[in-house]
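Tertiary structure, described
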Amino acid sequence: MNILTVKNGKELSDVASSHILKAVKDKPDLVLGIATGGTPSGTYQQLVEKVQLHSVDLSNIKTVNLDEYVGLARNHEESYWHYLHEHLYGPLGLSPDQALIPNGLNENLEKECVRYEKAIEKVGGVDLQILGVGRNGHIGFNEPGTPLDSKTHVVELTDSTRQANARFFDDPSEVPTRAITVGISTIMKSRSILLLASGKEKSDAVSALLSGKIDPQWPVTVLNQHPDVTLVVTEDAKAEEHEHAE
Ligand code: GLP
């Protein structure tokens, strides 16, 4: 694992956005896996600025979003569909057929999961997957205990995740109870991974990862088995002691 330790979120966004930009320059038809959550938002903002500054042609890239809440209308401010169109796909000038997002409004969610998994295969799989990490170690919405061989599936969100995400909603009771997420095995098929961790509330998850062990109770630790991971981590997210190694 390539570990880049940075001082703060601003530096993380700078390093991560440059990493993505380089990947697009190296492969203009890049398939980019997109994560949501608070951590990558500064990265996306800087990516938009850098793409505009350097006039980078994105007309041949594809994006594949990791997850989406079940039951939130597309125009709901907190649906990932809305967030990404507003903050990333719109400013980058991507057309709708360039951006894949699971449909959390499909009446047949099982069918939607199968459709999405096939759609990822059809674009040739993900070249560079951006990931954040939940404070309980989740990646995408793969909560602790998710089978490591899972594909795209519907999840019941844990209380910890719903509480963490309540800050984005007017009322905590509005946080959906379910989501569709790309599975762990699908994430592991990505050819490279850019993992972002910022803030001391992520230090338990980061220390579990850095223990080098694989523990399904900390889904992020599966990345220890991936051959091409870059971790960009703020100083406060990288605890000195690796309690989970004990
Ligand atoms: C969210 C998303 C994940 C994200 C994680 C951490 O619920 N589904 O993709 O990585 O939780 O979010 P944040 O960056 O806001 O801490």
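Structural notes, computed from the coordinates. Each chain has its residues counted from 1, following the order in which its sequence is written. Reporting in this predicted model follows two pLDDT cut-offs: at least 70 for local features of residues, and 80 or more for side-chain atom pairs to be given and counted; totals over whole chains, interfaces and linings ignore these cut-offs and use all residues. Where side-chain values are given, they derive from all heavy atoms of the structure, hydrogens and water being excluded.

**Considering the sheet that holds strand S3 (residues 62-65)**
Any two strands with at least two DSSP bridges between them are considered paired. Helix and strand definitions here come from DSSP, where helices need a minimum of 4 consecutive H or I residues and strands a minimum of 2 consecutive E residues; each element is numbered from the N-terminal end. Pairing within the open sheet is parallel, and its seven strands lie in the order S1-S10-S9-S6-S2-S3-S5. Single-partner strands in this sheet number two, and they are strand S1 (2-6) and strand S5 (99-100). Note on contacts: a residue pair qualifies if any of its non-hydrogen atoms lie within 4.5 Å across the two residues. Each axis is a line fitted through C-alpha atoms, taken for helices only over the stretch in contact, and angles between the N-to-C directions span 0 to 180 degrees. Sheet strands in contact with helix H3 (residues 80-92) are strand S2 (31-34), S3 and S5, and its direction is about 145° off that of S3.

**Digging into the pattern of salt bridges**
Once their charged atoms are close, side chains differing in charge can pair, the charge on each being opposite to the other. By definition here, a salt bridge exists when the distance from a side-chain nitrogen of Lys or Arg to a carboxyl oxygen of Asp or Glu is within 4 Å. Under the defined criterion, the tally for this structure stands at six salt bridges. Two residues, Asp-14 and Lys-50, come together in a salt bridge whose shortest N-O distance is 2.7 Å. Of this pair, Asp-14 sits in helix H1 (residues 9-26) while Lys-50 is found in helix H2 (residues 41-53), placing the two residues 36 residues apart along the sequence. Three labels apply to residues, based on accessible area from a 1.4 Å probe with only protein chains included: buried if under 20% of the type maximum, exposed if over 50%, partly exposed otherwise in between. Relative accessible area serves as the criterion here: at 36%, Asp-14 is assigned to the partly exposed category. Overlapping salt bridges, with partners in common, bring together Lys-27, Asp-29, Asp-127 and Arg-191 in one network.

**A short note on the site of the ligand**
Of all residues adjacent to the ligand, which total 14 residues, the nearest are Gly-38, Thr-39, Asp-67, Arg-167 and Lys-202. A distance of 2.4 Å separates an oxygen atom of the ligand from a polar side-chain atom of Thr-39. The side chain of His-138 places a nitrogen or oxygen atom 2.9 Å from an oxygen atom of the ligand. The nonpolar class holds Ala, Val, Leu, Ile, Met, Phe, Trp, Tyr, Cys and Pro. Asp, Glu, Lys and Arg form the charged class, and all remaining residues, Gly among them, are polar. Among the residues making up the shell around the ligand, the classes are represented as three nonpolar, eight polar and three charged. Whether a residue is near a molecule or strand depends on its heavy atoms: if one lies within 4 Å, it is near. Residues adjacent in sequence count toward polar contacts only when both atoms are side-chain atoms; beyond that, a polar contact is any pair of N or O atoms within 3.5 Å, and within protein one must be able to donate a hydrogen and the other to accept it.

**Here's the deal with the side chain of Ser-190**
For Ser-190, the position within the fold is in the loop between helix H6 (184-188) and strand S9 (192-197). Of the residues examined, Ser-190 reaches a relative accessible area of 4% and is grouped as buried. The contacts of Ser-190, once residues within four sequence positions are left out, are Val-126, Gln-129 and His-226.

**As for the pairing of S2**
Of the two faces of S2, the one holding Val-31 and Gly-33 and the one holding Leu-32 and Ile-34 are both buried throughout. If you view a crossover with the strands going away from you and the path from the first strand over the helix to the second runs clockwise, you call it right-handed. Crossover handedness for the path S2 to H2 to S3: right-handed.

**Some details on the environment of Ala-16**
Its location among the elements puts Ala-16 in helix H1. A relative accessible area of 0% means that Ala-16 is categorised as buried. For Ala-16, the contacting residues outside a window of four places in its chain are Thr-43, Leu-194 and Leu-196.

**Let's talk about the environment of Ser-203**
Along the chain, Ser-203 falls in helix H7 (residues 203-210). Classification of Ser-203 as buried rests on a relative accessible area of 15%. Note: C-alpha distance between Ser-203 and Ala-237 (34 residues apart in sequence) is 4.4 Å. In this structure Ser-203 touches Asp-236, Ala-237 and Ala-239, once residues within four positions along its chain are discounted.

Read these as geometric descriptors, not functional statements.
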